[in-house]
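Take a look at the letters that make up each chain.
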Amino acid sequence: MPRSKKFRRARLIVIVLVVLLVAGVGYGGYRGVAAVRASFPEVDGSVKVAGLSAPVDVKRDANGIPQLYADTSEDLFRAQGYVQAQDRFWEMDVRRHITAGRLSEMFGDGQVDTDAFIRTMGWRQVAQKEFDTKLSADTKKYLQAYADGVNAWLAEHPGGEKASLEYALLGAVNGDYKPEQWTPVDSVAWLKAMAWNLSGNLQEEIDRSLLAQDFGPDKIAELYPEYPYARNGTIVKTGTVVGDTYRPADGTGQAGATGGTAQGATTTKALLKGLTDRIDGMPQLLGRPGQGIGSNSWVVAGTHTTSGKPLLANDPHLGPGLPSVWYQMGLHCRNASPACQFDVSGFTFAGLPGVVIGHNKDVAWGFTNLGADVTDLYLEKVTGPDTYQVDGKDVKFELRKETIKVAGGDDRVITVRTTQTGAPLISDQRTEQQNVGKYAPNGSAAPDRGTGGYGVALQWTALNPGKTMDAVFELDKAKNWDEFRTAAKDFAVPAQNLVYADAKNIGYQAPGDIPVRGKGDGSYPAPGWDSGYQWKGSVPFTALPYSFNPSAGYIVTANQAVVDPAYKYLLTKDWEYGTRAKEITEQIEGLLKNNGRISPDDMQNLQLDNTSIMARTLVPLLLKQQIDDPYVREAQDLLKDWNYHQDADSAAAAFYNGVWRQLLGLAFGQKFPADLRAKGNCLLVRQQADPTKPDSAGNAPIVTECGTRDPGKAQPDGGDRWTEVVRQQLDKPDSSWWTYIDSQHKEQKGLDNLLKEAMRNARQDLTSLLSKDVSTWSWGRLHKLTLREQTLGTDDSSIASGLVHRLLNRGPYRLSGGSAAVDAAGWNAAAGYEVDWIPSMRMVVDLSDLDSSRWINVGGASGHAFHDNYNDQTDLWLKGRLLTWAYTPDAVEKATKHKLVLSNG
């Protein structure tokens, strides 16, 4: 049953008192400090870890980054499990409850909906199948060794005792909770969370369908324009596929994009609105899923570098939070042998063995999101409790029951229905999604909706057991391009752009389980009652694009199109639009033209490029407008002589981005349905006419309609797609998109009028947020980053109050950059200016001297809120600085500040 307000208030009082005690605030004093430090890891001396065959050295530098040295692979991963548990077990414990759909066991009934959604998709079941049937014997051994190491640490902290501050907080409201033993499947299941957050165009599929309630196909096409192949290019020059074998080409493909059909454009508004709410409620471990997820990576051949050896850079753009998304570490075999083949260093995730991004002694690699369309929604004609219709015949769902245990409450039992193609019916678990018949499509091609209505099923490649965990270990051991590609073949989900370098070569490979569709292109929900829309298999790995030592001497991946439409298979129609990729490419070409060679410093500086590319187009148009009001003209003048750099201290960047936000709201936000607009964004709209209830003039009444979407996921968000939308509409000064309602509630038309209104509104907005004096304005005062502790939740259904978060969060920090800049400090224009995307780490690998490589994390190595290494790298990251990345034994030894020896217990 729902908790009473009195109970919640009492609970929060208890929580606050616990935090004050353990944090040493108020009366906590010495006891509070001692309680906090009791959870910190041992980093010097020696400890016993059961199962080790020989001692393992754990060497930490001043930032707490561990480098592990062992004699066998299993000892190495057992030690990795132990050390990650020392630093991050609370985070690991929460993550495995998320991926298993068991958050309610920790945090109570406020998490039931989230658990039901994840149980419906069956992440844990798929992970179990992967472990049981797909993974190699060596991978299973490594996963088990890792789990044994975690459990060795857990044995020292039974029930989470003295494990972390968060367990003390949890105990205040759920004293019965005790952490379970770690299992190999707990690690494998994390790959499903990765895949969900990097899963392509699911939200775009929903949004297009919601827009179809108010707009026709032509207007929607203007909001999702074709990728500008000629202007922004592709990752590789599109080759050919002969049989199932990809053959790279030298010529740059310039073919035009193909159009698509709006299948399912009249899809139920209520059902998809409910589905969006469920997606919004999912834990965002890496950031919000779908289009807009960015990252940069590029690699430069030795022929173009100052050292004569390749350089590789990577900075994945993910959602900010604490503990940091990434975990830095090195895994080293003391002596290479068949029993121990690892000598790798880089970034991984707490709870996952191995290294995900980094380098070994032979090769380096980086990731960006490929953005392949690996999800499809299917409208299903449900004909009974356990049947649905395909090709005019009833077929049976596969049924299973799931029991959700709830801390402090009764168990909840749900029934999951799955189609014969393996797609779960994700619309089952909410009441408003069960009665959708009156909203469902009723075109001539659709079956009679009857009384059961339509359901929505999700087809997703990550629900097929794969071998991605094998690929992680294979990447870590790869010695050359061929072994790298062999590893990439197993990297099923999430589909990533992989860039590669060794001492002599550079390369690119597109991996991933990417579906081959029958009918349709994945742009809209498909009719499940027509088997012709079912998937027909996957794109063969041998047919996926790659490049090895291209003639240009560099490769750039920044979520732009991989290939042009001449490519045989459809990877997606929802690429990012290539703004960052084009800027990086032009910067590299400029460096080569001016300097002839690129240095590690050049790579690092390029990561910090905060230029607004769209401003180069828009600012000249803004400066042409004749503004009579000196109050507005004063702000307009800030744009004169602006260099388009979005520095944190720039007043011009603040005003420009304020104008950009207002432009999007006037041109598009005003016209969007409430389902896409942010909560709190309210407009006056005229209801559809009801002939039985006219007003005195015979018109339908005007009412206030407020947005319903989570602000951080509302549209128009101002990201790369919107730069392309606006760019194309600027060529049409009389476009209907430039018609808007002004502040006097009067309709106005034309681009010039809208630009003036946007400047007026931005002047008022920034005056209210900053001051009347434009000389005091700065972009960083608007564009702030707060690193929020996310594992405790964010609302009253969690165990955290506002005071708890103020103690555990860090910031706000004033940031440079912007959504479509290389330095991608993203923000959602529909919600405000707060930063919601960041370069979550940065690295530059120097293949001429691996000890000269550089890296930085946001936050730090530790997951303990008051530890010195909890947030010690953030200030350096803010300044664009990178840490020296020690790799060889001598360099690691020189950097070592703490040494712990793990030995058999």
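In what follows, the structure referred to is the one given above.
Residues numbered from 1 in each chain as written. Predicted model: local features only at pLDDT ≥ 70, side-chain atom pairs only at ≥ 80, totals over all residues. Heavy atoms only, no water.

**Student:** Looking at this structure, I do not really get the packing of aromatic side chains. What am I missing?
**Tutor:** The geometry of an aromatic ring pair is captured by two quantities: the separation of the ring centres and the angle between the planes. Scanning the entire structure with this criterion turns up 43 aromatic pairs. Their ring planes at 25 degrees and their centres at 4.5 Å tell us that Trp326 and Phe349 sit as a pair that is stacked. Taken together, the positions of Trp326 in the loop between β7 (311–318) and β8 (327–333) and Phe349 in the loop between β9 (343–348) and β10 (357–360) put the pair 23 residues apart, joining distant regions of the chain. Summarising the burial analysis for this pair, Trp326 and Phe349 share the class buried. Aromatic ring contacts, followed pair by pair, group Trp190, Trp326, Phe347, Phe349, Trp855 and Trp885 into a single cluster. (Phe/Tyr/Trp six-rings, centres within 6.5 Å; stacked < 30°, edge-to-face > 60°. Helix = DSSP H or I, 4+ residues; strand = E, 2+ residues; numbered from the N terminus. Buried < 20%, exposed > 50% of the residue type's maximum accessible area, 1.4 Å probe, protein only.)

**Student:** Help me understand helix α7 (residues 137–156) in this model?
**Tutor:** For an α-helix, 3.6 residues make a turn, and residues three or four places apart therefore share a direction. The end-to-end C-alpha separation of α7 is 29 Å, in line with the 28 Å expected for 20 residues at 1.5 Å each. All of the buried residues along α7 are Thr139, Tyr142, Leu143, Ala145, Tyr146, Ala147, Gly149, Val150, Asn151, Ala152, Trp153 and Leu154. Looking at the packing, one finds that the buried side of α7 touches α3 (73–99), α6 (123–134), α9 (184–197) and α15 (468–477). (Expected span 1.5 Å × (residues − 1). Contact = heavy atoms within 4.5 Å.)

**Student:** Honestly, the nonpolar core in this entry has me stumped. Any pointers?
**Tutor:** Soluble, globular proteins show a tendency: their nonpolar side chains are buried together. The biggest cluster of nonpolar side chains holds 237 residues, and the ones touching the most others in it are Trp460, Tyr567, Tyr656, Phe668 and Leu902. Filtering out sequence-adjacent residues up to four positions away, Leu902 remains in contact with Val47, Val49, Leu52, Ala54, Pro55, Val56, Val58, Ala79 and Tyr82. The next biggest cluster of nonpolar side chains, apart from the first, holds 12 residues, and it includes Tyr378, Val382, Ala423 and Tyr533. (Core = buried A, V, L, I, M, F, W, Y, C linked by side-chain atoms within 4.5 Å.)

**Student:** Just to check I follow, could you spell out unusual backbone geometry for this structure?
**Tutor:** Where the residue is not glycine, phi is negative for most of them; where a peptide bond is considered, it is trans in most cases. In this structure, the amide linkage connecting Val493 to the following residue, Pro494, adopts the cis form with an omega of -10 degrees. Mapped onto the elements of the fold, Pro494 is located in the loop between α16 (481–489) and β18 (496–502). For the bond from Gly811 to Pro812, the omega torsion is 5 degrees, close enough to zero to count as cis. Within the element layout of this structure, Pro812 appears in strand β30 (residues 810–814). One non-glycine residue, Asn549, adopts positive backbone phi at about 50 degrees. For Asn549, the position within the fold is in the loop between β23 (546–548) and β24 (554–557). Owing to a relative accessible area of 35%, Asn549 belongs among the partly exposed residues under this scheme. Here Tyr644, not a glycine, exhibits a phi torsion of approximately 70 degrees, which is positive.

**Student:** Explain the sheet that holds strand β36 (residues 898–903) to me, please; I cannot follow it from the model alone.
**Tutor:** Strand pairing within a sheet occurs via backbone hydrogen bonds; the two strands may be parallel or antiparallel. Spatial strand order, β1-β36-β2-β3-β8-β9-β10-β11-β18-β19-β23: 11 strands in an open sheet with mixed pairing. Only two strands of the sheet have a single neighbouring strand rather than two, namely β1 (45–48) and β23. Each neighbouring strand pair of the sheet contributes to a mean axis angle of 15 degrees, computed without reference to strand direction. Pairing of strand β2 (residues 56–60) with strand β3 (residues 66–70) involves four bridges; the strand directions are antiparallel. Of the residues in β3, the one forming a bridge with Asp57 is Tyr69. (Pairing = 2+ DSSP bridges. Axes fitted to C-alpha atoms, helices over the stretch in contact; angles between N-to-C directions.)

**Student:** Mind showing me how you'd approach the side chain of Arg810 here?
**Tutor:** If you trace the backbone, Arg810 turns up in strand β30. One buried charged residue, Arg810, remains without a salt bridge, the closest side chain of opposite sign being Glu166 at 9.1 Å. There is a polar contact of 3.1 Å between the side chain of Arg810 and the backbone oxygen of Leu808. Within the local environment of Arg810, its side chain forms a polar contact with the backbone oxygen of Ala865, the two atoms lying 2.8 Å apart. Dropping the residues within four chain positions of it, Arg810 is found in contact with Leu322, Thr786, Leu787, Ala865, Phe866, Tyr870 and Asn871. (Lys, Arg positive; Asp, Glu negative; His and termini not counted. Salt bridge = Lys/Arg side-chain N within 4 Å of Asp/Glu carboxyl O. Polar contact = N/O pair within 3.5 Å; in protein donor to acceptor, adjacent residues only side chain to side chain.)

**Student:** What am I meant to see in the state of the cysteines here?
**Tutor:** Two cysteines joined by a covalent bond between their sulfur atoms form a disulfide. By the definition in use, this model includes two disulfides. In this model, Cys333 is linked to Cys340 through a disulfide, with the two sulfur atoms separated by 2.0 Å. Taking the torsion about the sulfur-sulfur bond, which here is approximately -85 degrees, the covalent link between Cys333 and Cys340 counts as left-handed. Residue pairing for Cys682: its cysteine sulfur links by disulfide to Cys706, the two sulfurs lying 1.9 Å apart. With the S-S dihedral at roughly 105 degrees, the linkage between Cys682 and Cys706 falls on the right-handed side. Residue Cys682 is found in strand β25 (residues 682–686), and its partner Cys706 is found in strand β26 (residues 702–706); the two are separated by 24 residues along the sequence. With a relative accessible area of 37%, Cys682 lands in the partly exposed category. Given a relative accessible area of 33%, Cys706 falls into the partly exposed group. (Disulfide = S-S within 2.5 Å.)

**Student:** Any chance you could explain the layout of surface pockets here in plain terms?
**Tutor:** Picture a little ball the size of a water molecule; that probe, rolled over the atoms, points out where space is still empty. In this model, the second largest pocket occupies a volume close to 960 Å³. Lining the second largest pocket we find 32 residues, and of these Gly665, Leu666, Gln670, Asn681 and Leu683 sit closest to its centre. Put simply, the parts of the chain that give the lining of the second largest pocket at least two residues each are α21 (651–667), β25, β27 (740–741) and α23 (751–769). By residue class, the composition of the lining of the second largest pocket is 13 nonpolar, 10 polar and nine charged. (1 Å grid on protein atoms, 1.4 Å probe; cavity = no way out; pocket = protein on both sides within 12 Å on 5 of 7 lines; lining within 4 Å. Points joined across faces, edges and corners; volume = space filled by probe spheres on them. Nonpolar A, V, L, I, M, F, W, Y, C, P; charged D, E, K, R; others polar.)

**Student:** Would you take a moment to explain the packing of α3 against α7 for this structure?
**Tutor:** In a packed pair of helices, the relevant descriptors are the angle between the two axes and the axis-to-axis distance. Packing of α3 against α7 leaves a shortest axis separation of 7 Å and a crossing angle of 50 degrees. For the element pair α3 / α7, the angle class is oblique. Judged by the sense of rotation from one axis to the other, the crossing of α3 with α7 is right-handed. Contact residues: Ser73, Glu74, Phe77, Arg78, Gln80, Gly81, Tyr82, Gln84, Ala85, Gln86, Phe89 and Met92 in α3; Lys141, Tyr142, Ala145, Tyr146, Asp148, Gly149, Val150, Ala152, Trp153, Leu154 and Glu156 in α7. Here the contact of α3 with α7 is built from residues that sort into 12 nonpolar, six polar and five charged. (Parallel < 35°, antiparallel > 145°, perpendicular 65-115°, else oblique. Left-handed = near helix turned anticlockwise from the far one by under 90°.)

**Student:** Help me understand the side chain of Ser297, please; the structure alone is not making it clear to me.
**Tutor:** Residue position: Ser297 is located in strand β6 (residues 295–300). A distance of 2.6 Å separates the side chain of Ser297 from the side chain of Thr557, its partner in a polar contact. If we skip the residues at most four places from it in the chain, Ser297 touches Ala313, Asn314, Phe367, Thr368, Val499, Ile555, Val556 and Thr557.

**Student:** For this particular structure, what's the right way to read the packing of α3 against α9?
**Tutor:** At their nearest, the axes of α3 and α9 sit 9 Å apart, and the two run at 65 degrees to each other. It follows that α3 is roughly perpendicular to α9 by the angle criterion. Crossing angle aside, the handedness with which α3 passes α9 is left-handed. Taken together, the residues of α9 that come into contact with α3 (itself represented by Arg95, Arg96 and Thr99) are Asp186, Ala189, Trp190 and Ala193. Across the contact of α3 with α9, the residue classes tally to three nonpolar, one polar and three charged.

**Student:** How should the pairing of strand β12 (residues 375–384) be read in this particular structure?
**Tutor:** Within a regular strand, the side chains alternate between the two sheet faces. Extensive coverage of β12 is indicated by the burial of nine of its 10 residues. Both β12 and strand β17 (residues 454–460) contribute to a ladder of seven bridges, which runs antiparallel. Residue pairing in the sheet places Lys381 in a bridge with Tyr454 of β17. Bridge count between β12 and strand β21 (residues 526–527): two bridges; the pairing is parallel. Across the sheet, Leu379 pairs through a bridge with Pro527, a residue of β21. With two bridges connecting them, β12 and strand β13 (residues 387–390) associate as antiparallel partners. In the strand pairing of β13, Val382 is matched with Tyr388.

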